[in-house]
Structure formats: structure tokens, C-alpha cells
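So the chains spell out like this:
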Amino acid sequence: MTSKFWSETVRRTEPYVPGEQLDLPDLLKLNTNENPYPPSPAVREEIQQELDRKLQLYPSPTVDGLRQKIADYYTLESKNIFVGNGSDEVLAFAFMAFFNSLETIRFPAVSYSFYPVYAKLFNIPFEEVELNRDFTIQPECFFQSEGGVIFPNPNAPTGIYLELDSIRDILDSNPDRVVIIDEAYVDFAGESAVSLVNMYDNLLVVQTMSKSRSLAGLRIGFALGHPELIEALIRIKDSFNSYTLDRLAIAGAKAAIMDTEYFRKTTEKITRTRDWTVDELKKRGFHVLPSSANFVFVSHYKHTAEQLYTRLKEQHILVRHFTKPQIENYLRITIGTDEQMQHLLRELDKMDCKNG
Ligand code: PMP
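Residues numbered from 1 in each chain as written. Predicted model: local features only at pLDDT ≥ 70, side-chain atom pairs only at ≥ 80, totals over all residues.

Caption draft 1: Molecular detail of the site of the ligand. Neighbouring residues of the ligand: G86, S87, D88, Y112, P152, A156, D182, A184, T208, S210, A216 and G221. For the shell around the ligand, a count of residues per class yields 5 nonpolar, 5 polar and 2 charged. (Near = placed C-beta within 6 Å. Nonpolar A, V, L, I, M, F, W, Y, C, P; charged D, E, K, R; others polar.)

Caption draft 2: Structural context of the sheet that holds strand β1 (residues 28–30). Read from one edge of the open sheet, 5 strands run β1-β11-β12-β10-β9, paired in mixed fashion. The open sheet has two edge strands, β1 and β9 (286–288), and neither has a second partner. For this sheet, the mean inter-axis angle between neighbouring strands, taken without regard to orientation, is 35°. Strand direction decides the pairing type here: β1 and strand β11 (residues 317–321), joined by 3 bridges, are parallel. Bridging across to β11, L28 finds its partner in I317. Along the sheet, helix α11 (residues 338–350) contacts β1 and β11; its crossing angle with β1, the most-contacted strand, is approximately 95°. (Pairing = 2+ DSSP bridges. Helix = DSSP H or I, 4+ residues; strand = E, 2+ residues; numbered from the N terminus. Axes fitted to C-alpha atoms, helices over the stretch in contact; angles between N-to-C directions. Contact = placed C-beta atoms within 7 Å.)

Caption draft 3: Looking closely at the sheet that holds strand β3 (residues 105–108). The 7 strands are arranged β2-β8-β7-β6-β5-β3-β4 in an open sheet whose pairing can be described as mixed. The outermost strands of the open sheet, each flanked by one partner alone, are β2 (81–84) and β4 (126–129). Neighbour-to-neighbour, the strand axes of this sheet turn through a mean angle of 20°, independent of strand direction. Summarising the sheet, strand β6 (residues 179–182) and strand β7 (residues 203–208) pair through 4 bridges and their orientation is parallel. Its bridge partner lying in β7, V179 is registered against L203. Strands in contact with helix α3 (residues 64–73) are β2 and β8 (221–225); relative to β2, the strand with the most contacts, it is inclined by about 125°.

Caption draft 4: Fine view of the nonpolar core. Ranked by size, the top nonpolar core spans 95 residues in total, and within it A94, F95, L204, V205, A223, L233 and A253 carry the most contacts. Ranked by residue count, the leading element in this core is helix α4 (residues 86–98), at 9 residues. In this structure, this core is formed jointly by two domains, domain 1 (18–38 + 261–350) and domain 2 (41–258), each of which donates at least three residues. With residues near it in sequence (within four places) discarded, A253 still touches L66, M209, L215, L218 and I220. (Core = buried A, V, L, I, M, F, W, Y, C linked by C-beta atoms within 7 Å. Buried ≥ 20, exposed ≤ 12 C-beta atoms within 10 Å, placed from the backbone. Domains from an automatic or database assignment.)

Right, here's the structure in full:
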């Protein structure tokens, strides 16, 4: 569809297509990397208290309390922290703040599919850098980028983690350009690049509470970086919507970041379930990429990804199938509870995956 009323921006925009939602009571939803466990009980208590208190008043536009809690958690200062309505919003602001329409940015050809959407929306030229055959990132391909660099670490949808030494090399070779590391999944393995924030003024780390902190429904994302980068994000936010985080989200996010014990327990549980699931999938003839995330990226020697996706959906199990040519024979499966994974494996066994 098009219309004479549409601006040039709307015409060139190809919106991101989020993972399917199916309204079935017995649906096993393994397609959007949500956490199978509920958030910390402290989140509920804080939100309840906030509900009883001040909903008729605007939230804090500077979100100082939450920024300070995140800063404390990472031994940084609140001037190093920006918070937004999900990391998708933080990423959108970062594209606006640090990339421009005259210089080409780089991101991996197999990566988070929101990046090309933002690039087109904001008219930023981009180059999609091919990965190695084993889906690992070649750091040198991101050296001396004209407009800047962005990639997830661990990468999505592959789950593969790039070591911090390589990230340092990329930062060193782009001293005048911003390098954004999207760490949506870093809490499930690997070391965060947050430890480099005080050493590099061109590093922006973006994280989310949607995955490891079970708060996808509250929409909380944040960025960590040099105060000059954070100030740029605040300027964009204040020119757009000063109150992007609502009172309930702020209250819940504070409680979630403070309950470190619950966070440790649930993330460890998920990584244990992941490692077990990887072994079980391999026994059933799956090729499984090494995952440092709360999902696995798999293909099967006998069945196509599309066949498996369709047959699992018939059994009310939703996994993610991408149509992009390089990865069309792969499925991305979110790690759920042990019981959910056992259920998935039983359904795969019925599909004769076993004799791999
Ligand atoms: N980055 C990556 C790599 C993701 O996979 C996602 C989740 N789809 C996000 C960012 C956005 O997460 P959220 O907006 O829920 O914080």
C-alpha cells in the first residue's frame, strides 16, 4: 500500500516484523527469547507500592534513581547511564545521535534485524559485513569504518560471543567513530564490554532488562558509555519524549537490578538448561552453533528448518524461522524451563529426528 500523503521517510521504511504471537492457551512460546521465569518478587512489591502512590504525577524525566542503581551495579556513575523504553528505543536514539546520512556504518550481515530498519528510517547508509562460514565475526572487517559500527555480543540470532580483545581492537581502530555493542544477551555467558567504558570514549554498550531480568513486558533498556555519549542520547530523548519510562517501569527496574541473588539464580539455571538442551539436540542430529545466549541456533541434517518450524507450530510450539537466504535453514529456539525443553525434545522425537 502507498498513499500520496506518505512522506518520503514513510515510503522507504520497511518496519521490523516482531516474532509471531499466537493466542493458544497451551502455546509453548520459544520464538522471542523471553525469560521462562517470572521477575524477582521484589519487582511486584515495588510496582504495587508505586501503584498505590503517585500514578497521577509524571515520572522523573531524568530517571536519576534508576540510573544511579544501574551505575552502582556496574561501579560507574549515573552520568554514564541512559535509560529508555526497551533497548529498541535506546538503539533508535543511538542511531540518531551517532550515525549520519553521509557516512556508511557497518553491521554483520547476520545480526539483529532492527539495525537495517533504523538505518533506512533515519536515512543512514549501511554495509552488511559477511560473517565467516562458521558464523563468527571477523573483527578486521569492522576496522576503520566510515560512519561507525554496531553489532550484538553475543550475536543474535547466532548466539556466538566475540572476545573483549577483539572488541578492543575494533574500538582502537575507530577512534573517531562510535562503536555500539548491543549486549541484550550478555548475562547468559561472556564478559560485558562495560568494563571498557572508562577506557574508551567511543564505546556505547546497550543492555536490556527484557531477557536476563524477565522484564520484557515492562520495556526497560539502558546504555552505558562516556558522559558525552550519554548527554547526546538525553538530548535526543528530550527532543522527542522527556518521559519515555513510566513510573511502574522505573519502580520495577530498580527492584530488578537490586535483586542480584535472584538474577544470579535464574540466569545460572537458564545456562544449565541450555547446555543440557544443546547436548540433547546434538544427539538428535542437529548442528548447534556454540551459544552464549538464552537461545540456540540450529539446523538439522535431514529436515529443513521450514518443515520443523511448521510441524512444531502444529504442536503449538513456536520457534523462530528466518527467511534471509544465509540462515533460512536454521531455527532459533529460546531456552525455557527444563520441562519445556523436555516437551520440545519429545515432539522432535515424534518427527523422527532421532537417528542422526
Ligand atoms: N537487541 C537484540 C540483539 C535483541 O535480540 C533484542 C530483542 N529482540 C533487542 C535488542 C531489543 O530488546 P528490548 O527492546 O526488549 O530491550
